[in-house]
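Breakdown of the fold
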Amino acid sequence: MDDISITHKPDEASGTASLANTRKVYVKTYGCQMNVYDSQRMTDSLAAEGYSPTDTAEDADLVLINTCHIREKASEKLYSALGRLRKMKDARAKEGRELTVGVAGCVAQAEGDEITRRAPVVDLVVGPQTYHRLPQALARVRQGERVVETEYAIEDKFEHLPAPRKEQTRSRGVTAFLTVQEGCDKFCTFCVVPYTRGSEVSRPVAQILKEAEKLADAGVRELTLLGQNVNAWHGQGADGREWGLGELLYRLADIPGIARLRYVTSHPRDMDDTLIHAHRDLPMLMPYLHLPVQAGSDRILKAMNRKHTAADYVRLIDRIREARSDIALSGDFIVGFPGETDEDFEATLQIVRDVTYAAAYSFKYSPRPGTPGADMDDHVPEAVKDERLQRLQALLSEQQYAFQRSLIGKTMDVLIEKAGREPGQMVGRSPWLQPVIIDVHGGEIGDIINVRIISTGTNSLVGVREMETTSDGTI
Ligand code: SAH
Ligand code: SF4
Ligand code: F3S
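Residues numbered from 1 in each chain as written. Chains lettered and ligands numbered in written order. Predicted model: local features only at pLDDT ≥ 70, side-chain atom pairs only at ≥ 80, totals over all residues. Heavy atoms only, no water.

On to the overall build of the protein, then. Along the backbone of the protein there are 15 helices and 21 strands. Here the C-alpha coordinates of the protein stretch approximately 65 × 60 × 50 Å along the principal axes. A total of 475 residues make up the protein; the buried ones form 53% of that total. Put simply, of all contacts in the protein between residues at least 6 apart along the chain, 72% involve residues at least 24 apart. Roughly 21000 Å² of accessible area belongs to the protein as shown, and the carbon and sulfur atoms make up 50% of that amount. Within the protein, one finds 59 positive and 70 negative side-chain charges whose respective centroids are separated by 2 Å. (Helix = DSSP H or I, 4+ residues; strand = E, 2+ residues; numbered from the N terminus. Buried < 20%, exposed > 50% of the residue type's maximum accessible area, 1.4 Å probe, protein only. Contact = heavy atoms within 4.5 Å. Areas by Shrake-Rupley, 256 points an atom, 1.4 Å probe, with all protein chains shown as cover. Lys, Arg positive; Asp, Glu negative; His and termini not counted. Charge placed at Lys NZ, Arg CZ, Asp CG, Glu CD.)

This is the structure in C-alpha cells:
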C-alpha cells in the first residue's frame, strides 16, 4: 500500500469535506480478483450515500482497505498500512478534519475484533459477506460506535448491492469481472479461504444474466466470471434443469455484444464434461485456463487434501487439450508444504515438465493460523523453501518464455483496451491474456482486430495489424 503516504497536504476543500454530498472514499484493494470486484461493488453502494471515489488516501474522508489473508506477507500489509493511516489521522485531528478508516476483506473476516484491539485507528471492520450493510455500519460509526460486522449474513449480499452502473462500467473499459460464485467447501489443508469466505454459494442464473446484459449494454466485450471455485458454480437453468458452469457459459455466449468469455479460478475436480465441451464448442471461450495443481507428489497432494492425484490432473489436461488444441495453461504451485522431501519436490518439477505452462504463480508455503497444515509436523526450513522456489520459478520462466516465443509470426485476435504510449499505438489483449502493443493502424477501443506478432517482451507481445476480416466480423 505504498500509495498511502504519511504526508498530509492541507486541502482547500477540507472545510466542506464533511458535507454529505462531498465526501470522498479511497478503496485500496489487495488479493484476488474477487476483492477487486467487491471493492467496485462497495464503491457503488457508497455512491448512493454521497461518497465519490478518489485515488488517494490524502484526499479521502473514508479509507477502506480490502484485505487478503492468503499468505502471511499479504496480511502484514494491512498493519503497515494502518500505521501510516494512524499518522495521517493524527495530523488531521490537529486541523479538525476527520478520517474514517475501515478494514474489509479476508483479514477482516479472519481477525475481526482483534484488528480494532491492535489498531485503534480502525473505526470499522466489515467481512466479505456483509458489504451490503456498509452504509448502516458507517451511520453507526458516525454516531461514535466502533463497528465490527463479520457475521455470515443469511441474506444474499449481491441481491442488496447495486449492480454495476452503466456510466461507471464504461469508464472501466471493455473488460469486466462478474462474480458468479463465492466461498469454498474444499478445505485444502494449507488454505484460509473456506474460513474467510465461508461455504460455497452460487448466484442464481437470472441475476448473473441480468448483470451480464447490463455490462454488455455498457460496452463490455470481454467477461471474466469469478469465483474462489468458479467451476463449482451451479444453478437452476431457464430450462428447469440443474446447470453447471459449462451450461452457463453456453448461455452467456448468446448475449449480444459479448465477444469473449473467461473464468477463474477453477479446481481440477470440478472440470466436468460440459465445461470441457464448452471449450470445444465456443470459440469465444478464450483458450486460456488457470487450473492450479499445487504440487506433483501424490503424497503431498493427499496431505494437502486436494482429492486428486498427479496422474488424474495430467489426464484431465490431455482431455482439455483434445477439446481445444490451442489452449494454454496457467497454474499455482506451493513449495515446502510440511513433509515435502526432495523427491516430492522433484515430482512437482516433473508435472511442470509434463504439462507445460504458459504462465504460473508459485509460492513458498506459508502456515496460516487455524488451518490443518499449520499444525502438521515436519515444517520445511525457510532456506530449503527458498531454494526450491528458485528452481521451480526458473523452470516456469523458461516455459513462459518459450510460449511467448512460439507466438512470433502468428496472427491472433486482439481486443483493443486502450491507447498506447506512442502516438498511433494501441494496447490490447491476446486470447492468452498477454498485453499486445499494436504498432500501426490500431483501431478503436473495444474492437477485436487481427494482429501478427512480430516480437515479444517477458509478458507482453508486439504486433502489427493484419488488414483482413477477423472472426467476429470487424475489420
Ligand atoms: N481457489 C483456488 C486458489 C485460491 S488461493 C484453487 O483452489 O486453486 C490462490 C493460491 O494461493 C492457491 O492456488 C495457492 O497456490 C496459494 N496459497 C493458498 N494458501 C497458501 C499458503 N498457505 N501458502 C502458500 N500459498 C498459498
Ligand atoms: Fe483454498 Fe483449496 Fe478452496 Fe482453492 S479449493 S480456495 S486452495 S481450500
Ligand atoms: Fe486473498 Fe481472500 Fe482472495 S484471502 S486471495 S482476498 S479470497
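This paragraph deals with the packing of aromatic side chains. Following the criterion strictly, the structure yields five aromatic pairs and no others. Aromatic side chains phenylalanine 337 and tyrosine 365 sit 5.2 Å apart centroid to centroid with 70° between the ring planes, which places their arrangement in the edge-to-face category. Taken as a pair, phenylalanine 337 in the loop between strand S15 (328-335) and helix H14 (342-355) and tyrosine 365 in the loop between strand S16 (359-364) and helix H15 (382-406) lie far apart in primary sequence, 28 residues in all. Pair check on accessibility: phenylalanine 337 and tyrosine 365 agree, each one buried. A connected cluster of aromatic rings, assembled from ring pairs, spans Phe190, Phe337 and Tyr365. Stacked on the ring of phenylalanine 363, the Lys or Arg arginine 71 has its end atom at 3.6 Å from the ring centre. Geometry around tyrosine 79 places arginine 118 over its ring, the cationic atom sitting 3.5 Å from the centre. (Phe/Tyr/Trp six-rings, centres within 6.5 Å; stacked < 30°, edge-to-face > 60°. Lys NZ or Arg CZ within 6 Å of the ring centre and 35° of its normal.)

Time to look at the packing of H14 against H15. Following both chains from N to C, one finds H14 and H15 inclined at 10°, their axes separated by 10 Å at the closest point. Taken together, the axes of H14 and H15 are roughly parallel relative to one another. Of the residues in H15, those in contact with Asp342, Phe345, Glu346, Thr348, Leu349, Val352 and Arg353 of H14 are Arg388, Arg391, Leu392, Leu395, Leu396 and Gln399. Among the residues forming the contact of H14 with H15, the class breakdown is six nonpolar, two polar and five charged. (Axes fitted to C-alpha atoms, helices over the stretch in contact; angles between N-to-C directions. Parallel < 35°, antiparallel > 145°, perpendicular 65-115°, else oblique. Nonpolar A, V, L, I, M, F, W, Y, C, P; charged D, E, K, R; others polar.)

Okay, the UniProt feature "binding site: [4Fe-4S] cluster 1" (unreviewed entry) in the protein next. Feature annotation in UniProt places "binding site: [4Fe-4S] cluster 1" (unreviewed entry) on Cys32, Cys68 and Cys106, given in this structure's numbering. Taken together, the annotated residues stretch across 75 residues yet fold into one region, lying no more than 10.5 Å apart by C-alpha. By the element assignment, cysteine 32 lies in the loop between strand S1 (23-29) and helix H1 (33-47). A relative accessible area of 36% places cysteine 32 in the partly exposed class. With respect to the helices, strands and loops of the structure, cysteine 106 is situated in helix H3 (residues 105-111). (UniProt positions renumbered as here; feature names shortened; annotations may be inferred.)

Here we take up the sheet that holds S16. The three strands are arranged S14-S15-S16 in an open sheet whose pairing can be described as parallel. Two strands in the sheet have a free side with no partner beyond their single neighbour: strand S14 (288-290) and S16. For this sheet the average axis-to-axis angle between neighbouring strands, irrespective of direction, equals 10°. With three bridges joining them, S14 and S15 adopt parallel strand pairing. The residue of S15 that forms the bridge with histidine 290 is serine 330. Against the sheet, H15 contacts S15 and S16, and its axis sits at roughly 175° relative to S16. (Pairing = 2+ DSSP bridges.)

So, about the nonpolar core. Counting residues in each nonpolar core, the largest one holds 66 residues, and the members touching the most others are Leu225 and Tyr263. Not counting residues within four places of it along the chain, the set of residues in contact with leucine 225 comprises Leu178, Val180, Val230, Leu245, Leu248, Leu249, Leu252, Arg262, Tyr263 and Val264. The next biggest cluster of nonpolar side chains, apart from the first, holds 24 residues, and it includes Val63, Leu78, Leu85 and Val122. (Core = buried A, V, L, I, M, F, W, Y, C linked by side-chain atoms within 4.5 Å.)

The full set of residues close to ligand 3 is Cys32, Asn35, Thr67, Cys68, His69, Ile70, Cys106, Arg197 and Gln228. Here the shell around ligand 3 is built from residues that sort into four nonpolar, four polar and one charged. (Near = heavy atom within 4 Å.)

Let us look at the environment of serine 39. Looking at the element boundaries, serine 39 is found in helix H1. For serine 39, a relative accessible area of 5% translates into the label buried. Along the chain, serine 39 and proline 423 lie 384 residues apart, while their C-alpha atoms are 33 Å from each other. Residues in contact with serine 39, not counting those within four places in the same chain, are Val27, Thr29 and Asn66.

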